[in-house]
Amino acid sequence: MQNGHAPAVAEDGKTRAWATVHLAAIRANIATLRRIASPSKEIMAVVKADAYGHGLLAVAKAALEAGVQWLGVATVEEGRCLRRAGITCPIALLCVPAPQEAEWVVQYNLTPLIGSEDVLRALVAAGCREAHLEVDTGMGRAGVLPEEATALWRLAQSRGLAFTGLGTHFADAENPQDELSQKQLECFHWVRSTLEKAGARFRWIHSANSAALLAGLDSESNLVRPGLLVYGILPSTRQNQLWRTQFLPALQLEASIGTVRELPQGHSISYGATHRLTRPSRVATALIGYGDGYPRRLSNQGYMLVHGQKAPILGRICMDQTVLDVTEIPFVQSGDVAVAIGKQGTECLFVEELAKSVGTTEHEITTCLTQRIPRFFEP
């Protein structure tokens, strides 16, 4: 350790920019979700998009160790990777597969969500015998319209396909008092009741993502589908100290400091000269940029942590590097470590903060991290 701070030389191959994923945090978050959802509900950990950028296989295995019964993916390829790794639990395919992927859905024993006749026919032709019925209660993205759900269920029955689950997606679960969320919930209940009167029986009823779960919109469900909370990331309307202490961020994103230089007042910084120094300054170049998935929109407004202190970003973030102002931070030198997401000393920089700074969803921050960032997994 140098000056009681980060090591001057990165260890274990962490030489340029890297992410550390704490699997213990994943397991702890699943335990917290279990308490919130109640033991009677099954949990589907959503691990799509490389587990929100955290690492598909490692996160999936940690979630299963923590007791989740289901995994949720977006693509057939994600399901294939899990199956080839020996994972045998139910895997829900949350997005509509392309027609030519139907045979692979069956081959890898994925549970598709079906909400249209053409997808149903393609999957039945490929040999699919079990699926979940997806209802569009207001999302407008996929799913059968409520008044057409019974007809689709009957078609499935006639073709030998069993709908063992019924699901929908909230369009705005982060605003649970919004009229749309309440209307969607009422509509979902109506569809379920109508289908059951027609003779349908569903083993699983599901609608709640992380935000909906915290908002109590899962009361009629016996399966919940958390994504963000698995990774210790809070939905925007639940970013308060109460929930912050209950969910642990799993990801730490760090980069080495490449150079540290003294520059005169008036010197321009980075492409476009969008920043000029207002004083003689000491600037450090962190070896991470938008080519790694670090948001370029943080240019001239974000910061990283260096020696446990906030180092403002100067100028435009480059593809491979980011310039930091370390004038007020003593002893910074080449080889020190800057934290782009996570904790250093007593300071923390959460995913939620970055998302708010650039006006995007929390999901985008971690899912956009590229494969150029190696992931290291702490048990």
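Above this text you will find the structure in question.
Residues numbered from 1 in each chain as written. Predicted model: local features only at pLDDT ≥ 70, side-chain atom pairs only at ≥ 80, totals over all residues. Heavy atoms only, no water.

A. The arrangement of the state of the cysteines in detail. Evaluation of the coordinates by the stated rule reveals zero disulfides. Residue cysteine 128 stays outside any disulfide, its sulfur separated by 16 Å from that of cysteine 95, the closest cysteine. Lacking any disulfide linkage, cysteine 318 is separated from the closest cysteine sulfur, that of cysteine 368, by 19 Å. Given the relative accessible area of 17%, cysteine 318 is considered buried. (Disulfide = S-S within 2.5 Å. Buried < 20%, exposed > 50% of the residue type's maximum accessible area, 1.4 Å probe, protein only.)

B. Focus on the nonpolar core. Counting residues in hydrophobic clusters, the biggest one holds 117 residues, and the most contacted among them are Leu71, Phe163, Leu253, Tyr294 and Leu324. In contact with tyrosine 294, other than residues within four places in its own chain, are Leu253, Ile288, Gly289, Tyr303, Met304, Ile313, Ile317, Thr322, Ala340 and Leu354. (Core = buried A, V, L, I, M, F, W, Y, C linked by side-chain atoms within 4.5 Å. Contact = heavy atoms within 4.5 Å.)

C. Geometry of the packing of aromatic side chains. The final tally for this structure, using the stated rule, is three aromatic pairs. Pairing tyrosine 52 with tyrosine 231 gives two aromatic rings, centres 4.9 Å apart and planes at 25 degrees, and the pair type is stacked. Placement of tyrosine 52 in helix α2 (residues 48-53) and of tyrosine 231 in the loop between β9 (223-224) and α10 (241-244) is noted, with a sequence separation of 179 residues between them. When its relative accessible area of 6% is taken as the criterion, tyrosine 52 is described as buried. Relative to phenylalanine 247, the ring of tryptophan 243 has its centre 6.3 Å away and its plane inclined at 40 degrees; by these criteria the two rings are tilted. Over the ring of phenylalanine 376 we find lysine 14, and its NZ or CZ is 5.2 Å from the ring centre. Here arginine 244 stacks its cationic end above the ring of phenylalanine 350, 4.5 Å away from the centre of that ring. (Phe/Tyr/Trp six-rings, centres within 6.5 Å; stacked < 30°, edge-to-face > 60°. Helix = DSSP H or I, 4+ residues; strand = E, 2+ residues; numbered from the N terminus. Lys NZ or Arg CZ within 6 Å of the ring centre and 35° of its normal.)

D. Spatial organisation of the pairing of strand β10 (residues 251-263). When strand β1 (residues 17-22) meets β10, the two strands line up antiparallel, connected through five bridges. Residue pairing in the sheet places threonine 20 in a bridge with glutamine 252 of β10. Looking at chain direction, β10 and strand β17 (residues 337-344) are connected through four bridges and run antiparallel. Bridge assignment links serine 256 to a residue of β17, and that residue is valine 337. Here β10 pairs with strand β13 (residues 281-286) via six bridges, running antiparallel. Along β13, the bridge assignment pairs arginine 261 with valine 283. (Pairing = 2+ DSSP bridges.)

E. Looking closely at the packing of helix α3 (residues 56-65) against helix α4 (residues 76-84). Their axes nearest at 10 Å, the elements α3 and α4 cross at an angle of 65 degrees. You can see that α3 and α4 cross each other, and the crossing is right-handed. Every residue of α4 that contacts α3 at Leu56, Leu57 and Ala60 is listed here: Glu78, Cys81 and Leu82. Tallied by class, residues from the contact of α3 with α4 come to five nonpolar, no polar and one charged. (Axes fitted to C-alpha atoms, helices over the stretch in contact; angles between N-to-C directions. Left-handed = near helix turned anticlockwise from the far one by under 90°. Nonpolar A, V, L, I, M, F, W, Y, C, P; charged D, E, K, R; others polar.)

F. Fine view of helix α8 (residues 179-197). Counted at 1.5 Å a residue, the expected span for α8 with its 19 residues is 27 Å, and the 27 Å between its end C-alpha atoms agrees. Those residues of α8 not exposed but buried are Ser181, Gln184, Leu185, Cys187, Phe188, Val191 and Leu195. Projection of α8 onto a plane perpendicular to its axis shows the buried side chains occupying an angular sector of 165 degrees, all on one side. More than 90 degrees from the buried face of α8, the exposed residues found are Glu179, Glu186 and Lys197. (Expected span 1.5 Å × (residues − 1). Arc of directions from axis to C-beta.)

G. Quick peek at unusual backbone geometry. If you check the backbone angles, asparagine 300 has positive phi at about 65 degrees while not being a glycine. With respect to the helices and strands, the residue asparagine 300 is situated in the loop between β13 and β14 (303-306). The class for asparagine 300 is partly exposed, based on a relative accessible area of 35%.

H. Inspection of the side chain of serine 210 at higher detail. Along the polypeptide, serine 210 turns up in helix α9 (residues 210-214). Take serine 210: its relative accessible area is 2%, and that puts it in the buried class. Once you skip the residues sitting within four places of it in the chain, serine 210 turns out to touch Arg225, Pro226, Gly227, Leu228, Leu229 and Pro235.

I. Summary view of the pattern of salt bridges. The full count for this structure, using the stated rule, is 14 salt bridges. Of the charged contacts, one joins aspartate 218 and lysine 41 as a salt bridge, the two residues approaching to 3.9 Å between their closest N and O atoms. Taken as a pair, aspartate 218 in the loop between α9 and β9 and lysine 41 in the loop between α1 (23-37) and β2 (42-46) lie far apart in primary sequence, 177 residues in all. Comparing aspartate 218 with lysine 41 shows no difference in burial state: the two are buried. Residues arginine 372 and aspartate 292 are paired through a salt bridge, measuring 2.8 Å at the closest nitrogen-oxygen approach. Of this pair, arginine 372 sits in the loop between α12 (362-367) and β19 (375-378) while aspartate 292 sits in the loop between β13 and β14; the two residues are 80 residues apart in sequence, bridging distant segments of the chain. Residue classification places aspartate 292 among the buried positions, given a relative accessible area of 0%. Via salt bridges that share partners, Arg16, Asp292, Asp320 and Arg372 belong to a single interconnected network. (Salt bridge = Lys/Arg side-chain N within 4 Å of Asp/Glu carboxyl O.)

J. The side chain of glutamate 254, seen in detail. You can see glutamate 254 is positioned in strand β10. One buried charged side chain, glutamate 254, makes no salt bridge at all; its nearest oppositely charged neighbour is lysine 14, positioned 5.5 Å away. Sequence-distant contacts of glutamate 254, that is, excluding residues within four places in its chain, are made with Arg16, Ala17, Trp18, Thr20, Val337, Ala338, Val339 and Ala340. (Lys, Arg positive; Asp, Glu negative; His and termini not counted.)

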